[in-house]
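Structural overview for review
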2 protein chains.
Amino acid sequence: LESDIFEIISVGNELLIGKTLNTNAHWLAKMITELGGFVKRCTIIRDDVDDISFAIKESVKRGVNWLIISGGLGPTYDDKTLQGVAKALDRELIIDDDALKMVEKKYEYMADHGILKKAELTPARVKMATLPKGSKALPNPIGTAPGVIIDGGERKIICLPGVPMEMEAIFKESVIPLITKSIKKFYHEESIHIIGIMESDLAPLIEKTLANNPLVYIKSHPKGHEEGISKIEIQVTAMAEESSIAKKRVEDALEQLVSVIIEHGGMMDKGSTR
Amino acid sequence: LESDIFEIISVGNELLIGKTLNTNAHWLAKMITELGGFVKRCTIIRDDVDDISFAIKESVKRGVNWLIISGGLGPTYDDKTLQGVAKALDRELIIDDDALKMVEKKYEYMADHGILKKAELTPARVKMATLPKGSKALPNPIGTAPGVIIDGGERKIICLPGVPMEMEAIFKESVIPLITKSIKKFYHEESIHIIGIMESDLAPLIEKTLANNPLVYIKSHPKGHEEGISKIEIQVTAMAEESSIAKKRVEDALEQLVSVIIEHGGMMDKGSTR
């Protein structure tokens, strides 16, 4: 498990003033979990070189194996992620040949298709190909800014754009193959909805179930009251070396939990399949 | 500004496996920004006492003035926020009289209204009133778990439930009055949508505008291409001691920016009001 620790850093003032909802981190966390990775922390920071650099250093100090950073790769002055990475790792920023070719091709394509007048490599465009030394550019199938990976073996730092479609496309094309090659764990999750029992009365029943099923995680989410009936969602998750083992652990725990819930007057809500 | 630094910590495995979108942090960031606070960082961590404690210590070390924590105040074993706070601050957990009365009253009300059979204070219910020494309980107008504040003057730690309606209700009733009493800053933001110019060509125009308007922040958000036309949202923000000054700074910068954009062949998108 220790080599599967992921952290996600989202860079952008728009996330910290409550303008933009951080759907990128949510999407990444879901994908990584399904791939068997363990997402230990998500962080949002401002478009500030020192903040970015400090946050990366903190992650590295905590022992992250995969640091996924999204946002701040574009051409404008407020796109500062690569400067922050370079500062954190104490590396120079240099124009990367592969990245420059990727950027150049994009603008040539746009000029050829009349989207753009001139395909010249302005400083703002060259900026997107200026990477920390030792980086590898990851092709962006949709937008102009390439993704970036700094592969330190046990610690990989991967930078993706903040535009959701671009972030997702690079992740699918270039990052998923790396993760599946490295991680051999499987995740399983099932949820049920119950009624007729208070969360505070459910608490000891969950603890009892966990004592018998130490390899699962059980979490209850109160969903409020309706006509005096309390509704709770219960989510059971497990990780294992085999998909079938993770599934069996979840199912065994759920079966035991449901039977004690019914003993204590609770019942499955309609629509819940177990 | 230095006494207005906010950080938000969201506690919950469900956020890190990509099950639940972190709308709480988004809502809090928006409210705090509108109240004149500066949200410097948001963090999501697991339901783990050591992780919670460590994240709080890191925030304190970074010099946070207002640390808002949501999630993990409920009655079940996986609600670990107050244990994490107690550990971070090296304080005992003790049953708080005010909090216990709040919890007791809620269950009595539910028993009186037939929602619940018995109002007895089970260990799971007493848990919600077991707070780090020196805490003050904040009434929860909707649910059972009280909010908690540990007011250290220049550094306040505020814990709110993870259920959005409860979090919002406690924040509005008990936290907003504290913030408005303490912070005398105003925030202003305006956005425009432009077409006909690439983000990489916009970059030097933004930099020029910023050179003349150093007290605003300008951020561009590419919104993709439609029929070969690139669309960009531009957001200009400012903070000031007076609401009218913040507004004037934003408007002056926008006026200058729009005029250079038009000079360079861009234009306002339909629906953009400036």
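Our structure is the block above this text.
This report concerns the structure included in the present document. Keep in mind the model is a prediction, meaning the values are calculated, not measured. (Residues numbered from 1 in each chain as written. Chains lettered and ligands numbered in written order. Predicted model: local features only at pLDDT ≥ 70, side-chain atom pairs only at ≥ 80, totals over all residues. Heavy atoms only, no water.)

1. Considerations on the packing of helix α3 (residues 49-62) of chain A against helix α4 (residues 81-89) of chain A
Residues and elements named next belong to chain A. Following both chains from N to C, one finds α3 and α4 inclined at 50 degrees, their axes separated by 8 Å at the closest point. Taken together, the axis directions place α3 and α4 in an arrangement best described as oblique. Where α3 crosses over α4, the two elements pack in a sense that is right-handed. Touching Val 49, Asp 50, Ile 52, Ser 53, Ile 56 and Lys 57 of α3 are Thr 81, Gln 83, Gly 84, Val 85, Lys 87 and Ala 88, all from α4. (Axes fitted to C-alpha atoms, helices over the stretch in contact; angles between N-to-C directions. Helix = DSSP H or I, 4+ residues; strand = E, 2+ residues; numbered from the N terminus. Parallel < 35°, antiparallel > 145°, perpendicular 65-115°, else oblique. Left-handed = near helix turned anticlockwise from the far one by under 90°. Contact = heavy atoms within 4.5 Å.)

2. Some points on the relation of the copies chain A and chain B
Its rotation angle being 180 degrees, the transformation that places chain A on chain B also includes 0.0 Å of axial translation and leaves an RMSD of 0.0 Å. The relationship between the two copies is best expressed as a two-fold rotation axis. In terms of C-alpha distance to the rotation axis, chain A has Thr43(A) as its closest residue, with the C-alpha 2.2 Å off the axis. The fraction of interface residues of chain A whose copies in chain B are also interface residues reaches 100%, indicating that both copies meet through the same surface. (Least-squares fit on C-alpha atoms with pLDDT ≥ 70 in both.)

3. Comments concerning the interface of chain A and chain B
Chain A puts 65 residues into the contact, and the matching count from chain B is 65 residues. Together, the buried faces of chain A and chain B total about 5,400 Å²; carbon and sulfur atoms form 55% of this surface. Of the charged contacts, one joins Glu58(A) and Arg41(B) as a salt bridge, the two residues approaching to 2.9 Å between their closest N and O atoms. At the boundary of chain A and chain B, one finds 30 residue pairs in polar contact (both at pLDDT 80 or more). Ranked by the residues each element gives to the side of chain A that touches chain B, the list is headed by strand β2 (residues 38-45) of chain A, at 8 residues. Here the side of chain A that touches chain B is built from residues that sort into 28 nonpolar, 19 polar and 18 charged. With 5 bridges connecting them, β2(A) and strand β2 (residues 38-45) of chain B associate as antiparallel partners. Paired with Ile45(A) across the strands is Arg41(B), a residue of β2(B). (Buried area = accessible area lost by both parts, 1.4 Å probe. Salt bridge = Lys/Arg side-chain N within 4 Å of Asp/Glu carboxyl O. Polar contact = N/O pair within 3.5 Å; in protein donor to acceptor, adjacent residues only side chain to side chain. Nonpolar A, V, L, I, M, F, W, Y, C, P; charged D, E, K, R; others polar. Pairing = 2+ DSSP bridges.)

4. A word on the pattern of salt bridges
Going through the model one piece at a time under the given rule, you end up with 34 salt bridges over all chains. The shortest N-O distance in the salt bridge between Glu233(B) and Lys19(A) comes to 2.7 Å. On the criterion of chain membership, the pair formed by Glu233(B) in strand β11 (residues 229-240) and Lys19(A) in the loop between α1 (13-16) and α2 (23-34) is interchain, its members lying in two chains. Since its relative accessible area comes to 7%, Glu233(B) is described here as buried. Judged by its relative accessible area of 27%, Lys19(A) falls in the partly exposed class. Linking Lys223(B) and Glu233(B) is a salt bridge whose minimum nitrogen-to-oxygen distance equals 3.5 Å. Taken as a pair, Lys223(B) in strand β10 (residues 217-226) and Glu233(B) in strand β11 lie far apart in primary sequence, 10 residues in all. Salt bridges linked by common partners bring Glu7(A), Arg41(A), Arg62(A) and Glu58(B) together as one network. (Buried < 20%, exposed > 50% of the residue type's maximum accessible area, 1.4 Å probe, protein only.)

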